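Chain by chain, the residues run as shown.
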Amino acid sequence: MKGERQPPPKGGDAGPRVVIIGSGISGILMGIKLLARGWRDFVILEKAETLGGTWRDNRYPGAACDVAAHLYVYSFAPNPAWRSRYAKGPDIWNYYRRVARRYGVLPYIQYGKEVEAAEFDGAGWRVTTRDGGVYQADIVVAATGRLHHPMLPDIPGAESFAGPKFHTAQWDETVPLKDRRLGLIGTGSTATQIVAALADEVGQLKLFQRTAQWVFPVADTPVPLWKRLAFRLSPRYARNYYYTLRSQTEARGKAATGDRTARAARDQQCFDALARVRDPVLRAKLTPDYEVGCKRLVMSGTFYDAVQKPSVDVVVEGVERIEPRGVVTRDGQLHELDVLVFATGFDAHAYLRPIKVTGERGVTLDEVWREVPLTYRAIAAPQMPNFFFINGPYSPGGSASVVGIVEAQADYLMQLIERIAERKVQLVPRQEAAVAWLEEVRERARQSVWGSGGCQSWYLDKTGTPSLDPSTLSELQAQLAAPDWDHFVERPALVELACAAA
Ligand code: NAP
């Protein structure tokens, strides 16, 4: 893309030196916010060769976002061009690339820069990349995403499979699937989208399901031309539509943290959708034994139709081992396959790793996070001055578009950065403030359906506590409206913040 690899413009108010790690939705957003403030002394380090995170990496057949497209945008950059209620993965990726270009962020992204370490030396941060790059920064913002590291199951014999095999986030587009026998291990949001996309294409699809999922029915309707025109011609109409979608999503999301009455209407829609599966044996296989919403809800209007097609077989006997010809289940049956796909999710608790972050007095983030990832408001960690996260551990989820959440966090972060620049200081959250905040969030999370609904999910940390803040977006915005400066230690930076042009 034109301009994608041009050097950033020079001159003007450079501002503090900021290193942003990752060029996904959060990293691009931070770039936009810094530029809007007139600060240009920043770099976005991206380990891949192209911009993006989730929507660059997840290119499996059927990849789409089950959050309404008009909500899955930055609030300040609506996209009147969406053609249907839910957007496809590549279209989302293009949207964020377009916005990054429009707001002038692209020249600030450096590609092929995998960050290995960030070390605080008292004056600032020294960020090093795998290729030997060294970046001095006053502030580091980790925008590395939560669902980034593919989780490959530890199934005996997995290496021995004779055909192509890969994780959904590393989809091999060169492998032909037409009329072939595909095995899919896992039944999360990803697998259900793949089943719906491939049921008619492959010869046979074996869906190896360990745990059934609740499915909330949604319909992907086209956006009529008049509406697309209205979005284009009337920013007010577009804005109202965005906020209507936001409140609807929030109302539904509240069910995760609300009582049973609040959840009843949503749950009933899941029960009704499941009841429409005709074959009672298949319906029984697809019936979960835990509460609706305990795992992240699958949102789909196509999965139950797809799974009833003759080409699809839901296998619930449990995977025992993998051998060259296919998957052997616990009943001793060999399921012969041509292609094997792991739809087994991500290690959501490997946040930032394997980057080695070393803060005050040589303490590492791994040490600070030995028990649980201790953060203050999911934004900062004790002993890590001027080191911040966007969409970090304990960010809210489940009740809002993640884009709204990271916007609220970025606006809060800009207030911190403003203070750091103005007063020439370093900010670090007080240990007791972080502990108190985290205890309160974890207690609410434990009481939510994620913690009490009787299931296993990627939400749960090693202690069995959901690592998500159950706050809604409105609540989060209120919590993050203004920093509580008493919760931070503020001390003069040892050296003047760099103000010279880059
Ligand atoms: P996931 O929800 O974590 O699901 C992983 C699946 O793999 C589960 O069914 C799990 O079974 C199964 N599994 C894991 N290890 C296994 C093993 N050893 N043997 C058999 N089965 C195994 O992963 P995901 O579907 O990739 O989704 C992850 C998250 O990404 C979602 O929750 C969502 O937040 C996000 N996502 C969003 C969208 C969207 O449209 N917005 C689309 C896709 C993904 P168990 O349930 O028994 O553990």
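Worth saying up front: this structure is predicted, and the values here are computed from it rather than measured.

Thresholds, definitions, all that
Residues numbered from 1 in each chain as written. Predicted model: local features only at pLDDT ≥ 70, side-chain atom pairs only at ≥ 80, totals over all residues. Heavy atoms only, no water. Pairing = 2+ DSSP bridges. Helix = DSSP H or I, 4+ residues; strand = E, 2+ residues; numbered from the N terminus. Axes fitted to C-alpha atoms, helices over the stretch in contact; angles between N-to-C directions. Domains from an automatic or database assignment. Contact = heavy atoms within 4.5 Å. Buried area = accessible area lost by both parts, 1.4 Å probe. 1 Å grid on protein atoms, 1.4 Å probe; cavity = no way out; pocket = protein on both sides within 12 Å on 5 of 7 lines; lining within 4 Å. Points joined across faces, edges and corners; volume = space filled by probe spheres on them. Nonpolar A, V, L, I, M, F, W, Y, C, P; charged D, E, K, R; others polar. Phe/Tyr/Trp six-rings, centres within 6.5 Å; stacked < 30°, edge-to-face > 60°. Buried < 20%, exposed > 50% of the residue type's maximum accessible area, 1.4 Å probe, protein only. Lys NZ or Arg CZ within 6 Å of the ring centre and 35° of its normal. Near = heavy atom within 4 Å. Polar contact = N/O pair within 3.5 Å; in protein donor to acceptor, adjacent residues only side chain to side chain. Areas by Shrake-Rupley, 256 points an atom, 1.4 Å probe, with all protein chains shown as cover.

With that out of the way, let us pick up the sheet that holds strand 16 (residues 334–336). A sheet is described by the order of its strands in space; here 3 strands give the open sequence 14-15-16, paired in antiparallel fashion. Every interior strand has two partners, whereas the edge strands, strand 14 (319–323) and strand 16, have only one. Going from strand to strand, the sheet's axes swing by 25° on average, the running direction of each strand aside.

Let us look at the domain arrangement of the protein chain. When its domains are assigned, the protein chain resolves into domain 1 (18–149 + 349–501) and domain 2 (158–214 + 257–342). Placing a centre on the C-alpha atoms of domain 1 and another on those of domain 2 gives a separation of 32 Å. Counting residues at the interface gives 20 residues for domain 1, matched by 19 residues for domain 2. Across the interface of domain 1 and domain 2, roughly 1700 Å² is buried in total on both sides, 56% from carbon and sulfur atoms.

Counted under the stated rule, the structure contains 3 cavities of 30 Å³ or more. Roughly 70 Å³ of internal volume is contained in the largest cavity. Around the largest cavity, the lining residues are His70, Val73, Pro78, Asn79, Pro80, Phe231, Ala238, Tyr241 and Tyr242. Among the elements that make up the lining of the largest cavity, the one with the highest residue count is helix 6 (residues 235–253) (3 residues). Taken together, the residues of the lining of the largest cavity break down into 7 nonpolar, 2 polar and no charged.

Further remarks concern the packing of aromatic side chains. Within the structure shown, the criterion is met by 24 aromatic pairs. Considering the side-chain rings of Trp485 and Phe488, the 6.1 Å spacing of their centres and the 50° angle between planes classify their relative orientation as tilted. Given a relative accessible area of 25%, Trp485 falls into the partly exposed group. Ring pairing ties together the aromatic residues Trp55, Tyr72, Tyr74, Phe76, Trp82, Tyr95, Tyr96 and Tyr103, which thus form one cluster. Across the ring face of Trp93, the terminal group of Arg59 is positioned such that the distance to the ring centre comes to 5.4 Å. One Lys or Arg, Arg419, reaches over the ring of Trp485 and ends 4.0 Å from the middle of that ring.

This paragraph deals with the site of the ligand. Close to the ligand lie 22 residues; Thr187, Thr190, Thr211, Lys295 and Trp458 are nearest. Taking Thr187, its main chain carries an N or O atom lying 2.7 Å from an oxygen atom of the ligand. Protein contact buries 84% of the 910 Å² of open area that the ligand shows by itself. Of all the elements, helix 4 (residues 189–198) adds the most residues to the shell around the ligand, at 3 residues. For the shell around the ligand, a count of residues per class yields 9 nonpolar, 9 polar and 4 charged. Among the domains, domain 1 (18–149 + 349–501) and domain 2 (158–214 + 257–342) are the pair contributing at least three residues each to the shell around the ligand.

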